[in-house]
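Here's the letter readout for the chains.
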Amino acid sequence: MDLVTPGLGLIVWTTLVFLILVFLLGKFAWKPILSAVQAREEAIDQALKQAESARAEMGKLQASNEQLLKQAREEREAIVKEGRAMRDAMVAEAKESASVEAAKILESARTQIHQEKMAAVTELKNQVAQLAVDMAEKILRAELAQPEVAKANIDRDLKDLNLN
Amino acid sequence: MGLGRFFTLLTAVILPMGSMVASEEVGHSEHVSTSVEHAEVEAHAPNEEAFNPNEMIMHHIADSHGWHILDWNGHAVSIPLPVILWTNEGLVMFSSSEFHHDIEGHHVVNAGGQQFVNKHEKIYYAGTEEKPMDFSITKNVLALLVGAALLLLIFFSAARFYAKNTNKAPRGLASFVEPLILFVRDDIARGAIPEKHLNRFVPYLLTLFFFIWVNNLLGLVPFFPGGANLTGNIAVTLVLAAFTLVITNINGTKDYWMHIVWMPGVPTALKPILALIELIGVFTKPFSLMIRLFANITAGHILVLSLVSLIFIFESVWISPGSIILTLFISTLELLVAALQAYVFTMLTAMSFGAAVEEHHHDDHAHADGHH
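Thresholds applied
- Residues numbered from 1 in each chain as written.
- Chains lettered and ligands numbered in written order.
- Predicted model: local features only at pLDDT ≥ 70, side-chain atom pairs only at ≥ 80, totals over all residues.
- Heavy atoms only, no water.
- Helix = DSSP H or I, 4+ residues; strand = E, 2+ residues; numbered from the N terminus.
- Buried < 20%, exposed > 50% of the residue type's maximum accessible area, 1.4 Å probe, protein only.
- Contact = heavy atoms within 4.5 Å.
- Areas by Shrake-Rupley, 256 points an atom, 1.4 Å probe, with all protein chains shown as cover.
- Lys, Arg positive; Asp, Glu negative; His and termini not counted.
- Charge placed at Lys NZ, Arg CZ, Asp CG, Glu CD.
- Buried area = accessible area lost by both parts, 1.4 Å probe.
- Salt bridge = Lys/Arg side-chain N within 4 Å of Asp/Glu carboxyl O.
- Polar contact = N/O pair within 3.5 Å; in protein donor to acceptor, adjacent residues only side chain to side chain.
- Axes fitted to C-alpha atoms, helices over the stretch in contact; angles between N-to-C directions.
- Parallel < 35°, antiparallel > 145°, perpendicular 65-115°, else oblique.
- Left-handed = near helix turned anticlockwise from the far one by under 90°.
- Nonpolar A, V, L, I, M, F, W, Y, C, P; charged D, E, K, R; others polar.
- Pairing = 2+ DSSP bridges.
- Phe/Tyr/Trp six-rings, centres within 6.5 Å; stacked < 30°, edge-to-face > 60°.
- Lys NZ or Arg CZ within 6 Å of the ring centre and 35° of its normal.
- Expected span 1.5 Å × (residues − 1).

(A) Local environment of the overall build of chain B. Scanning chain B for helices and strands turns up 13 helices and eight strands. Out of the 372 residues belonging to chain B, those deemed buried represent 47%. Of the contacts formed within chain B by residues at least 6 apart in sequence, a portion of 62% connects residues at least 24 apart. Roughly 18,500 Å² of accessible area belongs to chain B as shown, and the carbon and sulfur atoms make up 67% of that amount.

Following this line, the structure appears as structure tokens:
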């Protein structure tokens, strides 16, 4: 039964030593260690949080960058489109004006041709008339040079006239 | 000697030749023989110095004045320790070597005008059955001081690292002890004690855990200054359990006491019966702590010693390989037990503290289920 009978001496010594240990370790070991560990945990926590917020910030920045890029792209697109439209308009306008001009030229050419033609016709008429007059003069002169022929002709004409 | 008989039985179970053990019982041996030739001599003259494993084991696991290290040429070599007695005539001190290894009460020591004898490591006034109060630095007290010094050395050096390095990853000793400290804080204390009270109890729990663990491990070291059965001594486990009891109850909230003396939510007729049970429970919980640690560590020492004793029981060197392998196996197991028992003791203590400071949020349902 010795084994399960606690000895007084050892009880006293254990109590004493254990209390001293609780005090000394508590004051000079656990307190600094635990507070250091806690401080480190907090520091790590904070660093993690900061990293997280930095990452979020970066994400935001990236998003805004993208937004800007997109905007720029859209703007470029718009400008290109506008340019294209303008070019098309200009081409169309040029075409239009060219065709109008061409028509105008054509018209004026036609008018000129017509005038020229008319002038030519008039000239031709005049010349024909002149020729006719000249021929008539010549004929008349020849007729008048031979009075019997002329008289016979005039008689026949007169006869014709009477018969009418 | 009920325990002695138990050890005989234990050895008899381990041994296929139980009859040999019975024959050993007749002899009277003082110390373990460490030499094989010596054992052979014994075989020729069994009546002279037959090996008695019970006596050896009991002697080892009990406390003693003077630290027996080894036997040399049949003489015991031990470290003398101071004997400190509070006698009828005041304080008396002398060296344990003055008993000349006598524990049968034959050798009388004269000190402070009084006479003392050592009967089985208990000191009596010579010729009487009266004992002075014994505050000697015994083997276990020395082991306790060695353990305490080791704890201070380890954790003061670790603390120095933290003082020098703020917010740095732990290195060296600190990197070894920090996970253990965090284990006690986060896995033992945090689960059992409400966060609000955690910081109050963690330092105590840390001291408790490392005290038990380090002393358990020192007990497994087979040579001086290890090998003392400190945490397997009922006085030590008694003190530790008493601390748990006292700290639990001085921190007990009104809620805690109400649950003991007047359990809410049970029929009034049952309340006195429950109060009785709960009051007994206040003491049985630390009592079981005391017994558990004592029994586990003592059993480990007994097992290892029994297995080593096989060599001397068989009186044959050929049994030693088997004995060594078995001893190695059990010693390894004991390493686990050393940590496990420290964990269990600390865990249950933390739960006890937690129960003392816990604030119950009662509703009628909780009452109907009943607590504890």
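Now that the structure has been shown, we can carry on.
(B) Just the overall build of chain A, in detail. A tally of helices and strands in chain A yields two helices and zero strands. Principal-axis analysis of the C-alpha atoms gives chain A an extent of 200 × 30 × 20 Å. The proportion of buried residues among the 164 residues of chain A is 12%. Summed over its atoms, the accessible surface of chain A is roughly 13,400 Å², and 63% of this surface lies on carbon and sulfur atoms. Averaging the locations of the 22 positively and 25 negatively charged side chains of chain A gives two centres separated by 5 Å.

(C) Layout of the interface of chain A and chain B. Tallying the contact residues gives 33 residues for chain A and 48 residues for chain B. Across the chain A/chain B interface, buried area totals approximately 3,700 Å², and carbon plus sulfur atoms make up 82% of it. Per-residue buried area on chain A facing chain B is highest for L3, F18 and W30 of chain A; these three make up 22% of the total on that side. Counting every contact that joins chain A to chain B gives two salt bridges. Here chain A and chain B share eight residue pairs in polar contact (both at pLDDT 80 or more) between them.

(D) Broad picture of the packing of helix 1 (residues 8–145) of chain A against helix 9 (residues 234–250) of chain B. Two numbers describe how helix 1 of chain A lies on helix 9 of chain B: the axes approach to 8 Å, and their chain directions differ by 50 degrees. When the axis of helix 1 of chain A is compared with that of helix 9 of chain B, the two are oblique. When the axes of helix 1 of chain A and helix 9 of chain B are compared, the crossing they make is right-handed. Contact with helix 1 of chain A, carried on its side by L10, I11, T14, T15, F18 and L19 of chain A, involves A235, V236, L238, V239, L240 and F243 of chain B of helix 9 of chain B and no other residues of that element. Classifying every residue of the contact of helix 1 of chain A with helix 9 of chain B by side-chain character gives ten nonpolar, two polar and no charged.

(E) Broad picture of the packing of helix 10 (residues 254–261) of chain B against helix 11 (residues 271–314) of chain B. For the pair helix 10 of chain B and helix 11 of chain B, the least separation of the axes is 6 Å and the interaxial angle reads 120 degrees. Listed contacts from helix 11 of chain B to Y256, H259, I260 and V261 of chain B of helix 10 of chain B are K271, L274, A275, E278, L279 and V282 of chain B.

(F) Summary view of the sheet that holds strand 5 (residues 109–111) of chain B. Residue and element names in this part refer to chain B. Strand order in the open sheet made by the three strands is 5-6-7, with antiparallel pairing throughout. The outermost strands of the open sheet, each flanked by one partner alone, are strand 5 and strand 7 (122–125). Ignoring strand direction, the axes of neighbouring strands in this sheet form an average angle of 40 degrees. Judged from the three bridges that link them, strand 5 and strand 6 (residues 114–119) form a sheet pairing that is antiparallel. Residue N110 lies in a different strand from strand 6, and its bridge partner there is Q115.

(G) Representation of the packing of aromatic side chains. If you walk through the whole model with that rule in mind, you get 20 aromatic pairs over all chains. Considering the side-chain rings of W67 of chain B and F224 of chain B, the 4.8 Å spacing of their centres and the 80 degrees angle between planes classify their relative orientation as edge-to-face. Of this pair, W67 of chain B sits in strand 1 (residues 67–72) while F224 of chain B sits in the loop between helix 8 (195–220) and helix 9, and the two are 157 residues apart along the sequence. Given a relative accessible area of 3%, W67 of chain B falls into the buried group. What makes F224 of chain B partly exposed here is its relative accessible area of 35%. Aromatic ring contacts, followed pair by pair, group W30 of chain A together with F155, F183, F209, F210, W213 and Y343 of chain B into a single cluster. One Lys or Arg, K119 of chain B, reaches over the ring of Y124 of chain B and ends 4.8 Å from the middle of that ring.

(H) Spatial organisation of helix 7 (residues 173–192) of chain B. The terminal C-alpha atoms of helix 7 of chain B lie 28 Å apart, and with 20 residues this matches the ideal 28 Å at 1.5 Å per residue to within 8%. Listed in full, the buried residues belonging to helix 7 of chain B are A174, V177, E178, L180, I181, L182, V184, R185, I188, A189 and A192 of chain B. In this structure, the buried residues of helix 7 of chain B make contact with helix 1 of chain A together with helix 6 (139–164), helix 8 and helix 12 (320–357) of chain B.

(I) Local environment of the pairing of strand 3 (residues 82–87) of chain B. Residue and element names in this part refer to chain B. Of the pairings in the sheet, the one linking strand 3 to strand 4 (residues 90–95) comprises six bridges and is antiparallel in character. Looking at the pairing, I84 lines up with M93 of strand 4. Across two bridges, strand 3 lies against strand 8 (residues 133–134) in antiparallel orientation. Paired with L85 across the strands is D134, a residue of strand 8.

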